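Notes for the structure review
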Amino acid sequence: MEDNEQPSHDSAAAALQQKHAAMLERLANRHQSRATAKTDSNSSGSTQSFLSQFSQSKHSIDAQISRIRTQPNPPEKAELEAISLEISALEKLVAEHSYLLPPYEVRNSLTAITQLRQTLDDASAAVAPKKKFSFKNKSSKKSAAPASDQKSEVVSEVEGNKIVPKLGKLGFMDSGGAPGFRNKDKEKLEMEFNRGEVDGRNGEFTLSNLRDCEVRLKGCLRALFVDNVVNCKVYVGAVMGSVLIEGAEGCVFVLASHQIRIHNAKNCSFYLRVRSRPIIEDSNGVRFAPYCLSYRGIEEDLAEANLDEETGNWANVDDFRWLRALQSPNWSVLPEDDRVGMINIS
């Protein structure tokens, strides 16, 4: 009789344990649902708050620029500088909120800021014409660009052995006004940004439609936009704002920035120093490691951009398409044995 009772007792214990496990799972799912709903609510609220603040600031700047255009007397230099500072503050607002904003809101906001800069430049030139900024080395001798380069989307000059783009009419995703390298194949592309001369859209740069290229950007940038690059090596100094990547495959990126957002990247390696958590979306096979770039003056550039301290955030990646508590399968930490050594681009 005792032998018959033992299996029955074990069966009841197993059923109770199974019921307990099911209860714990339901509680965990309920907690996760509430946490997700709360996060979505906070994110939505933050986005709406940002859009409201951005719209009010942009309207105020537009009104000031319109007043400059219509007033009978030329504006004072201090007045122009004040408006420029307001645009810079608006740009900083975007950088601070880019971590929570949808990618299209970030792009739209940066495009609007670029248009504000251009409108202010046009208004200033109309009342007080001035020489436009270009990235130039004062000690270099200027020569005309080849005819083939003059027909490209970015008007450029050759100074010494450096490609020196001037301010163009195209920006990220073929809009805006940022200079950049576009539609290049199997080329070595270099740009140096002078420290202290990065202001507003003068510090924005775009890499678009590049294949099998090596890109070296030294100095301090305001923002970097990357669109549709394949089998490229991209080495970048200090980015004082955001790096936005839309479409990359088989690339190596070495970047230092305050924020980085990566969309639609495949089989790429990222060596980062970043002040906030990197964000990936619709990406797979992406690997992360610490920043490993060196060139003459890089320490001063990193300090200028407030990126001189390693935060360790390169390994704290958020995958916005992976909502489970488990590690996302779309990204990984690059094993030390597979990492490149220090890269010197002096």
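Residues numbered from 1 in each chain as written. Predicted model: local features only at pLDDT ≥ 70, side-chain atom pairs only at ≥ 80, totals over all residues. Heavy atoms only, no water.

Focus on the overall build of the protein
Across its full length, the protein holds five helices and 17 strands. In the protein, which comprises 346 residues, the share counted as buried stands at 42%. In the protein, the share of contacts with a sequence separation of at least 24, taken over all contacts with a separation of at least 6, comes to 52%. Accessible surface for the protein amounts to roughly 18600 Å². Of this, 48% is attributable to carbon and sulfur atoms. (Helix = DSSP H or I, 4+ residues; strand = E, 2+ residues; numbered from the N terminus. Buried < 20%, exposed > 50% of the residue type's maximum accessible area, 1.4 Å probe, protein only. Contact = heavy atoms within 4.5 Å. Areas by Shrake-Rupley, 256 points an atom, 1.4 Å probe, with all protein chains shown as cover.)

Concerning the pattern of salt bridges
Oppositely charged side chains can form a pair if their charged atoms are brought close together. Evaluated as defined, the whole model comprises six salt bridges. Ionic pairing is found between Arg 261 and Glu 281, a salt bridge with its closest N-O pair at 3.2 Å. On the criterion of sequence distance, the pair formed by Arg 261 in strand 10 (residues 252-266) and Glu 281 in strand 12 (residues 279-281) is long-range, its members being 20 residues apart. A residue is classified by how much of its surface remains accessible, and Glu 281, at 8% relative accessible area, is buried. When the shortest N-O distance is used, the salt bridge between Arg 321 and Asp 282 registers 3.1 Å. Of this pair, Arg 321 sits in the loop between strand 15 (318-319) and strand 16 (331-333) while Asp 282 sits in the loop between strand 12 and strand 13 (286-290), and the two are 39 residues apart along the sequence. (Salt bridge = Lys/Arg side-chain N within 4 Å of Asp/Glu carboxyl O.)

Examining a negative patch on the surface
Together, Glu 299, Glu 300, Asp 308 and Glu 309 make up a region of like negative charge exposed at the surface. Of note, Asp 308 is situated in the loop between helix 5 (298-304) and strand 15. For Asp 308, a relative accessible area of 40% translates into the label partly exposed. (Patch = residues over 30% accessible without salt bridge, like charges linked within 9 Å, V, L, I, M, F, W, Y side chains within 5 Å. Lys, Arg positive; Asp, Glu negative; His and termini not counted. Charge placed at Lys NZ, Arg CZ, Asp CG, Glu CD.)

Considerations on the nonpolar core
Core analysis: the largest hydrophobic core is formed by 37 residues, its most contacted members being Leu 224, Ile 245, Phe 253, Phe 270 and Phe 288. Contributing elements (two or more residues each) for this core: strand 5 (188-193), strand 6 (204-211), strand 7 (214-221), strand 8 (223-230), strand 9 (233-249), strand 10, strand 11 (269-274) and strand 13. Element by element, the count of residues in this core is highest for strand 9, at six residues. Setting aside its immediate chain neighbours within four residues, Ile 245 contacts Val 226, Phe 253, Leu 255, Ile 260, Arg 261, Ile 262, His 263 and Phe 270. Judged by nonpolar contacts, the second largest core, of 22 residues, contains Leu 90, Ile 113, Leu 116 and Phe 225. (Core = buried A, V, L, I, M, F, W, Y, C linked by side-chain atoms within 4.5 Å.)

Quick look at the state of the cysteines
What the rule picks out here adds up to zero disulfides. Left without a disulfide partner, Cys 232 is nearest to the cysteine sulfur of Cys 251, which lies 4.8 Å away. The class of Cys 232 is buried, set by a relative accessible area of 2%. The closest cysteine sulfur to the non-disulfide-bonded Cys 251 is located on Cys 268, 4.7 Å from its own sulfur. (Disulfide = S-S within 2.5 Å.)

A look at the packing of aromatic side chains
Aromatic ring pairs are reported here in terms of the distance separating the ring centres and the angle at which the planes meet. Evaluated as defined, the whole model comprises six aromatic pairs. Aromatic pair Phe 193 and Phe 205: ring centres 5.5 Å apart, planes at 90 degrees, arrangement edge-to-face. With Phe 193 in strand 5 and Phe 205 in strand 6, the pair connects residues that are 12 residues apart, well separated along the chain. Each member of the pair, Phe 193 as well as Phe 205, is classed as buried. Ring geometry for Phe 253 versus Phe 270: centroids 5.0 Å apart, planes at 5 degrees, classification stacked. Highlighted residues: Phe 253 in strand 10 and Phe 270 in strand 11, separated in sequence by 17 residues. Phe 270 matches Phe 253 in its accessibility class, with the two residues each being buried. Each residue in the set Phe 253, Phe 270, Phe 288 and Trp 331 is aromatic and connected to the rest through ring pairs, giving one cluster. (Phe/Tyr/Trp six-rings, centres within 6.5 Å; stacked < 30°, edge-to-face > 60°.)

A few points about the pairing of strand 5
Residues Leu 189, Met 191 and Phe 193 point to one face of strand 5 and are all buried, whereas Lys 188, Glu 190 and Glu 192, pointing to the other face, are not buried. In this structure, strand 5 lies alongside strand 7, joined through six bridges in parallel fashion. The residue of strand 7 that forms the bridge with Lys 188 is Glu 214. (Pairing = 2+ DSSP bridges.)

Details of the confidence of the model for the protein
Mean pLDDT over the protein works out to 76, with 68% of the residues at or above the 70 mark. Least confident of the elements in the protein is strand 3 (residues 162-165), whose mean pLDDT is 34; most confident is strand 13, at 97. Counted against residues more than four places away or in other chains, residues 34-41, with its pLDDT under 50, gives zero contacts. Per-residue pLDDT stays below 50 along residues 129-176; that stretch engages in 94 contacts with residues further than four places along the chain or on separate chains. (pLDDT = per-residue confidence, 0-100.)

Remarks on the pairing of strand 8
The element strand 8 is largely enclosed, with a buried count of seven among its eight residues. Of the pairings in the sheet, the one linking strand 6 to strand 8 comprises seven bridges and is parallel in character. Across the sheet, the residue bridging to Leu 207 is Val 226, located in strand 8. Bridge count between strand 8 and strand 9: six bridges; the pairing is parallel. Note on strand 9: the bridge partner recorded for Leu 224 is Val 243.

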